[in-house]
Amino acid sequence: MQDNLRIGIVCYPTYGGSGVIATELGIALANLGHQVHFISYDKPFRLDLLSAKIFYHEVTIPDYPLFEYTPYELNLTSKLVDVAINEKLDLLHVHYAIPHASAAVNAKKILETYGIDLPIVTTLHGTDITLLGKDKSFKPVIEYAINMSDVVTAVSESLRSETLEHFNVKNHIVTIPNFIDLSLYDIKKNNLHRSNYAKIDEVLITHVSNFRKVKRVYDVIEIFEKVSKVISAKLLMVGDGPERLAAEQLCRAKGLTNKVKFLGKLRDVEKVLIISDVFVLPSSTESFGLVALEAMACATPVISTNSGGISEVNIDGKTGFLSDVGDVSKMANDTVKLLEDKNLLDKFKHNALVHSKSYSLHNILPQYNRIYKELCQLKKNK
Ligand code: GMT
C-alpha cells in the first residue's frame with residue numbers, strides 16, 4: 001500500500017473549533033506527505049494554500065429561482081463525487097455530522113455505482129450531537145450518517161457517551177481528542193503588547209468564542225463586573241456572532257465600556273491568549289472547548305463551566321476552576337482567588353502549559369493516520 005494518501009477533508013470554513021481542527025489536521029497531513037483536498041463553500045479561515053500538497057475545492061451554489069431553500073447538501077454531494085473521481089481520493093474525512101457526514105455517505109453510495117469504494121471517516125464535534133442531534137427532525141439523518149460512516153470519532157469521552165445515549169449507534173465510536181500545534185504557541189515570538197490593552201497594574205481577562213447562545217457571553221460580562229469591583233481589570237472579548245450586539249449593549253448599560261474591548265474575529269487568537277492572565281469560558285454546553293486548550297497552551301488558566309467535555313480538558317483546581325453552568329458568583333470568586341495569589345496563579349499557569357502538551361499534534365496526529373492506513377488496507381483487501 002502506498003504511504004502517501006489522497007485525503008479529502010470536508011469542514012465548516014467559519015470561526016469555530018471544528019474548522020480549526022480540520023484545517024490544522026489537513027496542514028499536518030500535508031506536512032507528512034499526504035495530498036490533502038479541502039472541500040467547503042469557502043476557504044477555511046486558518047488555511048493558507050502555500051503548500052504543493054494542499055488543494056481547495058469550493059462548493060458553489062447556483063442561484064436557481066425554483067428553489068425556495070437552496071439544497072446545499074446536494075451541491076456538496078456532487079462536488080464530493082467529482083473530487084473523489086478526478087483527484088482519485090483514497091478516503092474522505094468529514095467534520096460535523098450535518099450536512100457533511102450525510103453528504104459524504106450519499107457520495108459514497110453514488111461512487112459505488114461507478115465501482116469506486118470511498119471510505120468515510122466522520123468526526124463528531126459537538127453541537128451536531130448536543131444541539132442538532134436532539135432536534136428530532138435531524139435525528140434519522142444523523143443516525144444514518146453515523147452508522148454508514150466507515151469510522152466515527154468523537155472529540156471527547158463526554159461527546160462519545162452523549163452520542164451513544166441519544167442515537168441508535170451500530171458503529172464503534174473512537175475518542176480522539178482535539179489537539180494543538182504547539183509550535184504556534186511560542187510565547188517569545190508574540191509581537192502583541194499587553195500594554196495595548198491593560199496598564200501594568202491591571203489584570204487582563206479574555207473570552208474567545210463565536211458568540212452563540214451556548215457560549216453565555218452575558219455570563220462573561222457578569223463575571224467580569226464582579227471581578228472588576230475587587231481587582232483593577234480589563235476584559236477582551238474576541239470573536240463575533242449572534243449575541244455580540246446584545247453583549248455590547250449590556251456593557252454599555254453597566255457602564256463598562258472603558259474596561260471591555262470587543263476585538264471581533266481574530267485569526268491568531270493565541271496572540272491575545274498569551275498576554276492574558278485568565279481565560280473565561282462559561283458555556284452551557286461544550287463538547288471539548290478547543291479554545292480553553294489554546295489558552296492553556298499559552299500558560300493561561302481557565303475559568304469555565306463543568307459542562308460536557310470541558311472537564312476533560314480543564315482540570316479543576318489545577319489548570320483552572322470549574323463551576324456549574326450559570327454560577328457566575330463562583331466563577332468570579334475563583335477568578336479573584338487566582339488573580340490575588342501570585343503563587344497560585346504561577347502554579348496554575350505552569351500546570352495549564354504542562355497539561356496542554358498532552359494534546360500536542362505530535363501525540364494526536366498518529367491516531368488519525370493509523371485509522372486512514374487501516375481503512376486503505378481494508379479497501380485493498382476487499
Ligand atoms: O462551539 C461552537 O460553537 C463551534 C463548534 C464547531 O463546530 O466548531 O465547536 C464544537 O467543536 C469544537 C471542536 O471540536 C469543540 O472544541 C467545541 O467544544 C464544540 N462546541 C460545542 O460543543 C458547543
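Chemist: How should the sheet that holds strand E6 (residues 151–154) be read in this particular structure?
Modeler: Strand pairing in a sheet takes place through backbone hydrogen bonds and is either antiparallel or parallel in direction. Taking strand neighbours across the sheet as the criterion, the 7 strands line up as E3-E2-E1-E4-E5-E6-E7 in an open arrangement whose pairing is parallel. In the strand order of this sheet, the two ends are held by strand E3 (54–58) and strand E7 (173–175), each with one partner. When the angles between neighbouring strand axes are averaged without regard to direction, this sheet yields 25°. With 5 bridges joining them, strand E1 (residues 6–10) and strand E2 (residues 35–40) adopt parallel strand pairing. Its bridge partner lying in E2, Ile 9 is registered against Phe 38. Against the sheet, helix H2 (residues 72–86) engages E1, E2, E3 and strand E4 (91–95), with an angle of about 160° to E2.

Chemist: Got a minute to help me understand helix H3 (residues 97–112) in this structure?
Modeler: Since the α-helix advances by 3.6 residues per turn, residues separated by three or four positions end up pointing in the same direction. The terminal C-alpha atoms of H3 lie 21 Å apart, and with 16 residues this matches the ideal 22 Å at 1.5 Å per residue to within 8%. H3 sits mainly inside the fold: 12 of its 16 residues count as buried. Turning to H3, its buried residues number three or more, namely Ala 97, Ile 98, Pro 99, His 100, Ala 101, Ser 102, Ala 103, Ala 104, Val 105, Ala 107, Lys 108 and Leu 111.

Chemist: What's the story with the domain arrangement of the protein chain in this structure? I'm lost.
Modeler: Where interface size is given, it is often the accessible area lost as the parts come together that is meant. Split by domain assignment, the protein chain resolves into domain 1 (6–179 + 360–381) and domain 2 (182–359). Between domain 1 and domain 2, the C-alpha centre-to-centre distance is 30 Å. At the junction of the two partners, domain 1 supplies 25 residues and domain 2 supplies 26 residues. Surface buried jointly by domain 1 and domain 2 totals about 1800 Å² across both partners, of which 53% is contributed by carbon and sulfur atoms. On inspection of domain 1 and its partner domain 2, the count reaches 0 salt bridges. Applying the counting criterion to the domain 1 and domain 2 interface returns 7 residue pairs in polar contact (both at pLDDT 80 or more). Within the residue set of the side of domain 1 that touches domain 2, elements represented by two or more residues are helix H1 (17–32), helix H4 (127–130), helix H6 (157–166) and helix H14 (361–381).

Chemist: How do you make sense of the site of the ligand when you look at a structure like this?
Modeler: Inspection of the region around the ligand gives 18 residues, with Ser 18, His 125, Arg 212, Lys 215 and Glu 286 positioned closest. Take Ser 287: an N or O atom from its main chain is 2.8 Å from an oxygen atom of the ligand. In the complex, 95% of the free accessible area of the ligand, which totals 480 Å², lies under the protein chains. Of the pockets mapped on this structure, the ligand occupies the largest pocket. Looking at side-chain class alone, the shell around the ligand contains 4 nonpolar, 11 polar and 3 charged residues. Residue contributions to the shell around the ligand reach at least three from each of two domains, namely domain 1 (6–179 + 360–381) and domain 2 (182–359).

Chemist: Can you walk me through the sheet that holds strand E10 (residues 260–264) in this structure?
Modeler: Strand order in this open sheet of 6 strands is E10-E9-E8-E11-E12-E13, and the pairing throughout is parallel. A strand with exactly one partner marks an edge of an open sheet, and here the two such strands are E10 and strand E13 (320–323). Neighbouring strand axes in the sheet, compared pairwise and without regard to direction, differ in orientation by 20° on average. Bridge analysis of strand E8 (residues 203–208) against strand E11 (residues 278–281) gives 2 bridges, and the strand direction is parallel. When the bridges of E11 are listed, Thr 206 appears paired with Phe 279. Helix-sheet contacts for helix H12 (residues 328–340) involve E8, E11, strand E12 (302–305) and E13, and the interaxial angle to E13 is about 165°.

Chemist: Please explain the layout of surface pockets as it appears in this structure.
Modeler: Any space left empty among the atoms is revealed by the rolling of a water-sized probe across them. Of the voids in this model, the largest pocket is the one considered here, and its volume is about 730 Å³. Those elements that provide at least two residues to the lining of the largest pocket are H1, H4 and helix H10 (290–297). Counting residues per element, the lining of the largest pocket draws most heavily on H1, at 4 residues. For the lining of the largest pocket, the class distribution of residues is 14 nonpolar, 15 polar and 5 charged. If you count residues domain by domain, the lining of the largest pocket takes at least three from each of domain 1 (6–179 + 360–381) and domain 2 (182–359). Empty space within the second largest pocket amounts to approximately 520 Å³.

Conventions we followed
- Residues numbered from 1 in each chain as written.
- Predicted model: local features only at pLDDT ≥ 70, side-chain atom pairs only at ≥ 80, totals over all residues.
- Heavy atoms only, no water.
- Pairing = 2+ DSSP bridges.
- Helix = DSSP H or I, 4+ residues; strand = E, 2+ residues; numbered from the N terminus.
- Axes fitted to C-alpha atoms, helices over the stretch in contact; angles between N-to-C directions.
- Contact = heavy atoms within 4.5 Å.
- Expected span 1.5 Å × (residues − 1).
- Buried < 20%, exposed > 50% of the residue type's maximum accessible area, 1.4 Å probe, protein only.
- Domains from an automatic or database assignment.
- Buried area = accessible area lost by both parts, 1.4 Å probe.
- Salt bridge = Lys/Arg side-chain N within 4 Å of Asp/Glu carboxyl O.
- Polar contact = N/O pair within 3.5 Å; in protein donor to acceptor, adjacent residues only side chain to side chain.
- Near = heavy atom within 4 Å.
- Areas by Shrake-Rupley, 256 points an atom, 1.4 Å probe, with all protein chains shown as cover.
- 1 Å grid on protein atoms, 1.4 Å probe; cavity = no way out; pocket = protein on both sides within 12 Å on 5 of 7 lines; lining within 4 Å.
- Sits in = over half its atoms within 2 Å of the grid points.
- Nonpolar A, V, L, I, M, F, W, Y, C, P; charged D, E, K, R; others polar.
- Points joined across faces, edges and corners; volume = space filled by probe spheres on them.

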